[in-house]
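# Topology and contacts: notes
Next come the chains, spelled out residue by residue.
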Amino acid sequence: MQVRSDESWFLAMSLKVEDVMVEDVVSVSEKATVREAAGLMEKHEIGCLVVVKNGKPVGIVTETDMVRRVILGPVDPEKTKVRKIMSRPLVVGNPQMDVDEASKIMRNRKIKKLPVIENGRLVGLVTTTDIVRSPEVMKMMIKAIKRSIIKEIITSIQQRLDLDE
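Calculation criteria
Residues numbered from 1 in each chain as written. Predicted model: local features only at pLDDT ≥ 70, side-chain atom pairs only at ≥ 80, totals over all residues. Heavy atoms only, no water. Helix = DSSP H or I, 4+ residues; strand = E, 2+ residues; numbered from the N terminus. Rg over C-alpha atoms; globule rule 2.2 N^0.38 Å. Buried < 20%, exposed > 50% of the residue type's maximum accessible area, 1.4 Å probe, protein only. Contact = heavy atoms within 4.5 Å. Lys, Arg positive; Asp, Glu negative; His and termini not counted. Charge placed at Lys NZ, Arg CZ, Asp CG, Glu CD. Axes fitted to C-alpha atoms, helices over the stretch in contact; angles between N-to-C directions. Left-handed = near helix turned anticlockwise from the far one by under 90°. Nonpolar A, V, L, I, M, F, W, Y, C, P; charged D, E, K, R; others polar. Pairing = 2+ DSSP bridges. Right-handed = clockwise from strand over helix to strand, strands pointing away. pLDDT = per-residue confidence, 0-100. Arc of directions from axis to C-beta. Salt bridge = Lys/Arg side-chain N within 4 Å of Asp/Glu carboxyl O.

### A short note on the overall build of the protein chain
- Helices and strands together make up the secondary structure of the protein chain, namely eight helices and five strands.
- Secondary structure elements of the protein chain occur, N-terminal to C-terminal, as α-α-β-α-β-β-α-α-α-β-β-α-α.
- Whereas a compact globule of 165 residues would reach a radius of gyration of roughly 15 Å, the protein chain reaches 21 Å, over 25% beyond that.
- Overall, the C-alpha framework of the protein chain stretches about 80 × 35 × 25 Å when taken along its three principal axes.
- For the protein chain, with 165 residues in total, the buried portion stands at 35%.
- In the protein chain, once contacts between residues fewer than 6 apart in sequence are set aside, the share between residues at least 24 apart is 56%.
- Here the protein chain contributes 28 positively and 24 negatively charged side chains, and the mean placements of these two sets differ by 8 Å.

Here it is in structure tokens:
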């Protein structure tokens, strides 16, 4: 991992999506009911499912989708199919993508979960939490905080010295 010295440490990381993504992604058929999807999410203790059609990722259904489109909407979870409430088009990344690029996509698209596709196949999922909790990012954050604290101490000492003159 490399870091530039211009303080844009986070954006300059050469950490790849494959370094932080979860590989065991749970998916659901677009033909499944919302109730079935909610059951899968609870069973696996996860916040989203990638929706597939004929084995290909076509959308994503998240806890937010469930709240906004099912609980707050006139939708019968027993009869409604996942394809009716999923978010689409599916915004995706790839394993070799830099984490900063994936972060920019998520921020710009206002999403928290990014399915990772390679050769048309779902190979992982990266979330904002995965990125922040990765050991590499944590180390970089600690270094940046230490640098910031040191700068504050030096500035404070300089100001005191200037007052004494």
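### Digging into the packing of helix 3 (residues 34-44) against helix 4 (residues 63-71)
- Two elements in contact, helix 3 and helix 4, have axes separated by 11 Å at closest approach and are oriented at 145 degrees. Crossing angle aside, the handedness with which helix 3 passes helix 4 is left-handed. Here Val-34, Ala-37, Ala-38 and Met-41 of helix 3 lie close against helix 4, whose contacting residues are Glu-63, Met-66 and Val-70.
- Class assignment of the residues belonging to the contact of helix 3 with helix 4 gives a composition of six nonpolar, no polar and one charged.

### Some details on the pairing of strand 2 (residues 48-53)
- Summarising burial for strand 2: five of the six residues are buried, a large majority.
- Of the pairings in the sheet, the one linking strand 1 (residues 27-29) to strand 2 comprises three bridges and is parallel in character. Bridging across to strand 2, Val-28 finds its partner in Val-51.
- In terms of handedness, the path from strand 1 via helix 3 over to strand 2 forms a crossover that is right-handed.
- From the end of strand 2 to the start of strand 3 (residues 56-62), which pair antiparallel, there are two residues, and Asn-54 there has a positive phi angle of about 55 degrees.

### Overview of the confidence of the model for the protein chain
- Per-residue confidence for the protein chain gives a mean pLDDT of 87; residues scoring 70 or more make up 90%.
- The model gives residues 1-12 a pLDDT under 50, and that stretch makes 23 contacts with residues more than four places away or in other chains.

### Side note on helix 6 (residues 99-109)
- Along helix 6, the residues classified as buried are Val-99, Asp-100, Ala-102, Ser-103 and Met-106. Buried residues in helix 6, looked at end-on, bunch into an arc of 160 degrees, giving them a common side.
- Positive backbone phi, at 55 degrees, marks Lys-110, one or two positions downstream of helix 6.

### Quick notes on the sheet that holds strand 1
- Taken in spatial order, the three strands of this open sheet run 1-2-3, and their pairing is mixed. One side of each edge strand has no neighbouring strand; the edge strands of this open sheet are strand 1 and strand 3. Along the sheet, successive strands turn relative to each other by an average axial angle of 40 degrees, direction set aside.
- Its contacts with the sheet put helix 3 on strand 1, strand 2 and strand 3, and the angle it makes with strand 2 is roughly 135 degrees.

### Looking at the pairing of strand 3
- Counted residue by residue, strand 3 has five buried out of seven residues, so it is predominantly covered.
- Relative to strand 3, strand 2 is paired through six bridges, and the arrangement is antiparallel. Following the sheet pairing, Val-50 is matched in strand 3 by Ile-60.

### A word on the pattern of salt bridges
- With the rule as written, the count across this model stands at three salt bridges.
- Among the ionic pairs, Lys-16 bridges to Asp-98, the shortest N-O distance being 2.6 Å. Separated by 82 residues along the polypeptide, Lys-16 in the loop between helix 1 (9-12) and helix 2 (17-20) and Asp-98 in the loop between helix 5 (82-85) and helix 6 bring together distant segments of the chain.
- Overall, Asp-98 belongs to the partly exposed group, its relative accessible area being 24%.
- Residue Glu-78 pairs with Arg-35 through a salt bridge whose shortest N-O separation is 2.6 Å.

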